[in-house]
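Spelled out from the first residue to the last, the chains are:
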Amino acid sequence: MTRRLSLAILLTVLISVLLAGIGTFLLTRHEDRQATRHDLERTADALAFMLAELPLTASADADILRARLQRIQEELRLADAELLVLGGDGRVFGEIPDTLEDAQIDLDRLRSDGRISGTDGPIVYAAALGERRAFSFVVILTEDSSRVTGPVFRWIVLSTLAAVAAGGLIAWMLGRRLARPVTAASEASRRIAGGDLSARVPVDQVDHDEIGELSAAINDMAASLERSRDLERHFLLSVSHDLRTPLTSIRGYAEAIADGTAPDQARAAEVIGAEAGRLERLVTDLLDLARLDARQFDLRIRPTDLSELVPDVAAGFEHQARVDGVAIAVDGADRPVLVHADPDRLAQVVANLVENALKYADRQVQVTYGESAAGGEIVVADDGLGIATDDLPRVFERLYVAARPPTRRETGSGLGLAIVKELVDAHGGSVTALPRPTGGTQVVVTLPGAS
């Protein structure tokens, strides 16, 4: 990756420098030729005027003009200069500079305009017409523009090479800088895929770009997987314990009945039945979670009245509440509160919440229902010690165990709240656990209303 990235950056620098250099060279050459052309035009006009005003005799006029032009050229270090004499019969005396072709000097245009100029490859030229009494003459000046653009081109080539060298160094350094976190992320991903969930990607605290976000996301994923694995181990241990305890009781009482050593066979049979019911509840909850995960369950959604369902479900726990010394209070609207829900699954949600509240309540469980902005709302609250702040965001995780143990011995599977979360989500609602202002915890369920 470093090699490809460095090569891409280097090619980008090279292309950019070449385009800039070529553009600069062409622009410089154009401007230089234009400036040289204008200078030659002014100089040719001045020389033609000067030579036309010289007080010379006609017999020696042409030779002296040519010699005088040569002397001026040498003294003032002018461009290459030539003098043509135009005879009255149309003949031309003198030589056009070797660097120009005859076609470049248009005598007809020169006689009409008095001056012409242009370029012939790298050669810039200008010609001006002068008039004497005996004849006409033409002053031709030429200059090679490559004497200026040649050094410019060499400097552009040198600067391009220097820029490419600097770009190559920067590309190599930047390539290593960018590839290092990607390599680290790749290595950490391979370790995580191999089962090492403790692997992490080093993240620079000041690096908040996309690579930093990728590293942070990989670390979050690894932390989540590691935590899920730990919770899964705890869950397996917990389920194994919950299975072993009733099985041990069932086996012990069954052997006592078979051996005739049970002092009270009716009581032993009652214990066996209770423990079998506990096993059945645990297996049912596990199967419910498996079906919820696989979405292998059907919801028979229809308008459901909370004013009928909630009191009926709460009434089913009054006997257990009296045994535990806890009062269940139900309060709600005295009119129908309709929501879109599966009555059986919603009853399961309320039952799990009430059962969970009974474990933590001190004296009372408060169940309320009514309308909300979303449709319908059910609130189940207890007056116990409350759930620790750190536990609140996680109470609905199926494998999470709260830091504070329940007030009473837990007789369920410990999966009730996880099932509540899955069922409420399947209904398109939401469930939240909040601390109660007067102490304890309240769980708020919102459901879409029936239109």
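Before reading further, recall that the structure is shown in the block above.
These notes cover the structure that comes with them. Quick caveat: nothing in here was measured; it's all calculated off a predicted structure.

### A word on the pairing of strand β10 (residues 375-382)
Taken across its eight residues, β10 has seven buried, putting it largely inside the fold. Across seven bridges, strand β9 (residues 364-371) lies against β10 in antiparallel orientation. Bridging from a neighbouring strand, Q366 pairs with A381 of β10. Taking the residues that link successive antiparallel strands as the turn, the β9-β10 hairpin has three residues. Note that β10 and strand β12 (residues 441-448) share seven bridges and pair antiparallel. Directly across from V379, in β12, lies its bridge partner V444.

### Things to note about the pattern of salt bridges
Here the structure, examined in full by the defined rule, presents ten salt bridges. Residue R42 is joined to D39 by a salt bridge in which the shortest nitrogen-to-oxygen separation is 2.3 Å. Of this pair, R42 and D39 are both found in helix α1 (residues 2-52), three residues apart, which corresponds to roughly one turn of the helix. Residue classification places R42 among the exposed positions, given a relative accessible area of 52%. E226 is the salt-bridge partner of R200, the closest N and O atoms lying 2.8 Å from each other. On the criterion of sequence distance, the pair formed by R200 in the loop between α4 (146-193) and α5 (210-259) and E226 in helix α5 is long-range, its members being 26 residues apart. In this structure E226 comes out as partly exposed when scored by relative accessible area, which is 24%.

### Focus on the packing of helix α7 (residues 306-315) against helix α9 (residues 343-360)
Running from N to C, α7 and α9 cross one another at 45°; their axes reach a closest spacing of 9 Å. As judged from the angle between their axes, α7 and α9 are oblique. Every pair of crossing elements has a handedness; the one defined by α7 and α9 is right-handed. For the pair α7 and α9, contact is made by L306, L309 and V313 and by P343, L346, A347, V350 and A351, respectively. Counted by class, the contact of α7 with α9 contains eight nonpolar, no polar and no charged residues.

### Topic: helix α10 (residues 416-426)
Counting buried residues in α10 gives eight out of eleven residues, a clear majority hidden from the surface. For α10, every residue scored as buried is listed here: G416, L417, A418, I419, V420, E422, L423 and V424. Positioned one or two residues after α10, G428 has a phi angle of 80°, which is positive.

### Focus: empty space enclosed by the protein
Rolled over the atoms, a probe with the dimensions of a water molecule shows which regions are left empty. Under the defined criterion, the tally for this structure stands at two cavities of 30 Å³ or more. In terms of lining, the largest cavity is formed by L353, N356, A357, Y360, V380, D382, G386, I387, L417, T441 and V443. Sorting the residues of the lining of the largest cavity by element identifies α9, β10 and β12 as the ones contributing at least two each. If you tally residues by element for the lining of the largest cavity, the top one is α9, at four residues.

### Some remarks on the packing of α9 against α10
Where α9 meets α10, the axes come as close as 9 Å, and the angle between the chain directions of the two elements is 150°. Viewed along their axes, α9 and α10 adopt a mutual orientation that is roughly antiparallel. In terms of crossing hand, the pair formed by α9 and α10 is left-handed. Listed contacts from α10 to R345, Q348, V349, N352, L353 and N356 of α9 are G416, L417, I419, V420, L423 and V424.

About the cut-offs
Residues numbered from 1 in each chain as written. Predicted model: local features only at pLDDT ≥ 70, side-chain atom pairs only at ≥ 80, totals over all residues. Heavy atoms only, no water. Buried < 20%, exposed > 50% of the residue type's maximum accessible area, 1.4 Å probe, protein only. Helix = DSSP H or I, 4+ residues; strand = E, 2+ residues; numbered from the N terminus. Pairing = 2+ DSSP bridges. Salt bridge = Lys/Arg side-chain N within 4 Å of Asp/Glu carboxyl O. Axes fitted to C-alpha atoms, helices over the stretch in contact; angles between N-to-C directions. Parallel < 35°, antiparallel > 145°, perpendicular 65-115°, else oblique. Left-handed = near helix turned anticlockwise from the far one by under 90°. Contact = heavy atoms within 4.5 Å. Nonpolar A, V, L, I, M, F, W, Y, C, P; charged D, E, K, R; others polar. 1 Å grid on protein atoms, 1.4 Å probe; cavity = no way out; pocket = protein on both sides within 12 Å on 5 of 7 lines; lining within 4 Å. Points joined across faces, edges and corners; volume = space filled by probe spheres on them.

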